Amino acid sequence: SAVISQKPSRDICQRGTSLTIQCQVDSQVTMMFWYRQQPGQSLTLIATANQGSEATYESGFVIDKFPISRPNLTFSTLTVSNMSPEDSSIYLCSVALAGVGEQFFGPGTRLTVL
Amino acid sequence: GIQVEQSPPDLILQEGANSTLRCNFSDSVNNLQWFHQNPWGQLINLFYIPSGTKQNGRLSATTVATERYSLLYISSSQTTDSGVYFCAVGIQGAQKLVFGQGTRLTINP
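Here we summarise the structure given alongside this text. Here the residue numbers are simple positions, counted from 1 along each chain's written sequence. Here the convention is simple: chains get letters from A, ligands get numbers from 1, in the order in which they are written. At least 70 in pLDDT is required for a residue's local features to be given in this predicted model, at least 80 for side-chain atom pairs to be given and counted, and no such filter applies to totals for whole chains, interfaces and linings, which use all residues. Side-chain calculation: all heavy atoms of the structure are included, whereas hydrogens and water are not.

The next thing to look at is the overall build of chain B. In this description a helix means any DSSP run of H or I spanning at least four residues, a strand means any run of E spanning at least two, and both kinds are numbered starting from the N terminus. Looking only at helices and strands, chain B has zero helices and eleven strands in total. Going from the N terminus to the C terminus, chain B shows its helices and strands as β-β-β-β-β-β-β-β-β-β-β. Based on C-alpha atoms, the radius of gyration is set beside the globule rule, defined as 2.2 Å times the residue count to the power 0.38. Expected size for 109 residues packed as a compact globule is a radius of gyration near 13 Å; at 13 Å, chain B falls within 12% of this value. Dimensions along the principal axes, computed over C-alpha positions, put chain B at roughly 45 × 25 × 20 Å. In chain B, 55% of the contacts between residues at least 6 apart in sequence involve partners at least 24 apart. When the accessible surface of chain B is split by element, carbon and sulfur atoms take 48% of a total near 5,300 Å². The distance from the centre of the 6 positive side-chain charges to the centre of the 6 negative ones in chain B is 7 Å. The contact rule is simple, with two residues in contact once any of their heavy atoms fall within 4.5 Å. Using the Shrake-Rupley algorithm and a 1.4 Å probe, accessible areas are obtained, with residue cover drawn only from the displayed protein chains. Counted as positive: Lys and Arg. Counted as negative: Asp and Glu, with His and the chain ends omitted from the count. Charge placement uses NZ in Lys and CZ in Arg. For Asp and Glu, CG and CD serve respectively.

In structure tokens:
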């Protein structure tokens, strides 16, 4: 398995501002992902964070709204830009280890936008 | 895209009861995982089970890939088992997961 940390664990933000969420893993991993869980809903994949290149976004998610960086094999950031109350969600990063199909999730960042 | 359906959506049981949660999926998969999301939102890995049967204490899971379903069994339920149980699948050639809508389990003392 892997030990994954996220910062911040929670935040309350004002409409129109941006928040950057960090994800750190304790070992080099092949794949890193970002998911969103809206209140009372299931998890939806936002994008795959690619090391050294642009992230791969799922339908309905765009880079201008959710810019992602992955400068190395153990770290990634997700920015939620120009926030609105509809962005209030839990944001989770996940990782897949080399040669292992199983994914592991970070503790999540609980975001409230007022 | 692939569809993942979980049933039942809600389940309320008394402590000590047994339960079976079901996950149906619409296409071939190379990854299937069961998670428990606790009341604090943390997603805990229960099983990685693209096929076959596994057991871990009071929990066990079976995936019949040819018939495109998986079952999660919880025996002798405890109040700490309460939360939402998610099934998630990965399709051939892709490592991203598609989640079902979850089963909310409430265990009353």
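It is worth spelling out the sheet that holds strand S1 (residues 4–7) of chain A at this point. Residue and element names in this part refer to chain A. The four strands are arranged S1-S3-S8-S7 in an open sheet whose pairing can be described as antiparallel. The open sheet has two edge strands, S1 and strand S7 (68–72), and neither has a second partner. Direction aside, the axes of adjacent strands within the sheet are offset by 15° on average. One ladder, built from four bridges, connects S1 with strand S3 (residues 19–25); its direction is antiparallel. Strand pairing is defined by DSSP finding a minimum of two bridges between the two strands. Here, axes are lines fitted to C-alpha atoms. For helices the fit covers the stretch in contact, and angles between N-to-C directions go from 0 to 180 degrees.

Our next topic: the sheet that holds strand S3 (residues 19–25) of chain B. All names here are of chain B. A sheet is described by the order of its strands in space; here five strands give the open sequence S1-S3-S8-S7-S6, paired in antiparallel fashion. A single partner strand is all that each edge strand has here, and the edge strands are strand S1 (4–7) and strand S6 (52–56). Pairwise comparison of adjacent strand axes, ignoring direction, gives a mean angle of 15° for this sheet. In terms of strand pairing, S6 meets strand S7 (residues 59–64) through five bridges, oriented antiparallel.

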